[in-house]
Amino acid sequence: MTDFPVAEGRPAQTFQEAEDALLSRWPETRLEPSLDRIEAFTELLGRPQDSYPVIHLTGTNGKTSTSRMIDTLLRTLNLRTGRFTSPHVEKMSERISIDGEPLSDEAFVATFNEIAPYLHVVDASQPHPMSFFESVVAMAYAAFADAPVDAAVVEVGMGGSWDATNVVDAKVAVVLPVAMDHAQYLGDTPAEIAREKAGIIKAGSTVVLAEQSAEVAKVLLERAVEVGATVAREGVEFGVVSRVPAVGGQHLTIQGLRATYEDLFLPLYGAHQAQNAAVALAAVEAFLGEGALSDEVVREAFALATSPGRLEVVRRSPTVVLDAAHNPHGATASAAALADSFAFEPLIGVMGVMGDKDVEGVLAAFEPHVNHLICTQNSQPRSMSAADLGRLAVGIFGEDRVTVEPSLADAIDRAAALAEAGAAFGESIGAGGVLVTGSVVTVGEARGLLVHKEDSIDRAAARTAERIAMRESRLLEATDWEDEA
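Now for a description of the structure that goes with this document. (Residues numbered from 1 in each chain as written. Predicted model: local features only at pLDDT ≥ 70, side-chain atom pairs only at ≥ 80, totals over all residues. Heavy atoms only, no water.)

### Description of the side chain of S97
Inference 1: Here S97 is to be found in strand 3 (residues 96-98).
Inference 2: In this view, S97 contacts T81, G82, R83, P102 and F144; residues no more than four positions away in its chain are not counted. (Helix = DSSP H or I, 4+ residues; strand = E, 2+ residues; numbered from the N terminus. Contact = heavy atoms within 4.5 Å.)

### Quick look at the side chain of Q250
Inference 1: Here Q250 shows up in strand 10 (residues 249-255).
Inference 2: Contacts of Q250, omitting those with residues within four sequence positions, involve R243, V244, P245, L264, F265, L266, L268, Y269, G270, Q273 and A274.

### A short note on unusual backbone geometry
Inference 1: The residue after A147, namely P148, is reached through a cis peptide bond having omega -20°.
Inference 2: Going from E345 to P346, the amide bond is cis rather than trans, its omega being 5°.
Inference 3: For P346, the position within the fold is in the loop between helix 11 (328-341) and strand 14 (347-351).
Inference 4: The phi dihedral of D99 is positive, around 50°, even though this residue is not glycine.
Inference 5: Here D99 shows up in the loop between strand 3 and strand 4 (101-102).
Inference 6: Taking relative accessible area as the criterion, D99 reaches 32% and is therefore assigned partly exposed.
Inference 7: Phi angles above zero are rare outside glycine, and D263 is one such case at about 55°.
Inference 8: Following the sequence through the fold, D263 ends up in strand 11 (residues 260-266).
Inference 9: Taking relative accessible area as the criterion, D263 reaches 54% and is therefore assigned exposed. (Buried < 20%, exposed > 50% of the residue type's maximum accessible area, 1.4 Å probe, protein only.)

### Examining the sheet that holds strand 16 (residues 402-404)
Inference 1: Strand order in the open sheet made by the six strands is 12-13-17-14-15-16, with mixed pairing throughout. At either end of the open sheet lies a strand with only one pairing partner, and these are strand 12 (312-315) and strand 16. Neighbour-to-neighbour, the strand axes of the sheet open up by a mean angle of 25°, direction not taken into account.
Inference 2: Its contacts with the sheet put helix 13 (residues 386-397) on strand 14, strand 15 (372-375) and strand 16, and the angle it makes with strand 16 is roughly 175°. (Pairing = 2+ DSSP bridges. Axes fitted to C-alpha atoms, helices over the stretch in contact; angles between N-to-C directions.)

### Some words on the pattern of salt bridges
Inference 1: Inspection of the entire model under this criterion finds 20 salt bridges.
Inference 2: Taking the shortest distance from any N to any O, the salt bridge between R37 and E134 comes out at 3.1 Å. Of this pair, R37 sits in helix 2 (residues 36-44) while E134 sits in helix 5 (residues 132-146); the two residues are 97 residues apart in sequence, bridging distant segments of the chain. Each of the two residues, R37 as well as E134, counts as buried.
Inference 3: The partner of E312 in a salt bridge is R447, with the nearest N and O atoms 2.7 Å apart. One end of the pair, E312, is in strand 12; the other, R447, is in helix 15 (residues 440-484), with 135 residues separating them in the sequence. A single burial state applies to E312 and to R447, both of which are buried.
Inference 4: Each of E39, E43, R47 and D50 takes part in a single network of salt bridges with overlapping partners. (Salt bridge = Lys/Arg side-chain N within 4 Å of Asp/Glu carboxyl O.)

Listed below in structure tokens is the structure:
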């Protein structure tokens, strides 16, 4: 019997009810390494994950951006896609997309209600209940089967071997760069973490490996040999030939598995996104198993690439960039991309982090690039307090370069004011920028404040303009009538 009380309830009527029911389950941070529950659950559902081919992605950083690029490439090739990514930036339904669009509220509720009766069956038969993450993975697999999709792009939640997504036998396994993160769950060295992530490499599959350290590459290649997987390696079988930063992104030439693709514009910033693009292209080539892709298709797909919350510019004057760097490896890549693609003078950082991360490592990665850091916090219980973050930051940045502001909204406003007053730092006024970073949750909440606030302002302005136009039209009609009279 389960040690976790889960009561059966009526079907969800609204998105909020479905979301609440899912969040009442074990959180993503509470793990019990086993595939027994998700295996039992998908068996009850008729193993929906076996009804379509899968590209499965793991790695420490870059999974979501690469998943989105793979998805766009496949859709540009007129394939219907399902995409599962995590965590979400703003709304839970972002995790499950069909043809590039998150499930609508209605579809999300319908999918939850489809799987909900079976949740309690598994809860009652297992030592531990179905977790939030397992439940959402099952929803995704069921939604993809119902669509139906031609291909599913699936990002692991954490690790690989014991991740709930790993009940698929993927046609293509993708391993993005492996570095230290989630050490308390996955291991204390990159090699140990790589062994966990290598579990998504299955017999007869093709594994696309991003550039790795020697110790990580050894582990991944040993796994590929063990199961008889075909290997494609960045820097050997495929890779970035050249990249030039450009306004709004970068221009690339990529050597794929079957051809060289030139004059590609990618509207994402940083060398790491260029490498993600090369991995995505190789994964799609391996998945299709045919000749070279059309140059036009590849150009069109990459030109359409988006990755919300990953060096995403959401405001100008001053420029505000959102980036969900939450570990030292990701922070280092983001800092390099900022230096590569922007010229902020000064750059004001707004950071809110989770308390279980390598916070000092993230701070150290950004320190050479950030003129002043405003320490804040997000709304989640796992968030480190702004005061605690500030104390760590002072040890790395120095007291005169750190401000503590618990309110995220106030922190962003304060950062914008500092960025605009660049002369206070001996720089030209108006050249400053703001970077909001530290965790996906912080970035998601900032995006809600900035993007949707701007959208609301734009909509209000449009409504005002419409009312003025209608009033002027009525006045004109009245004048015309008077003239005719």
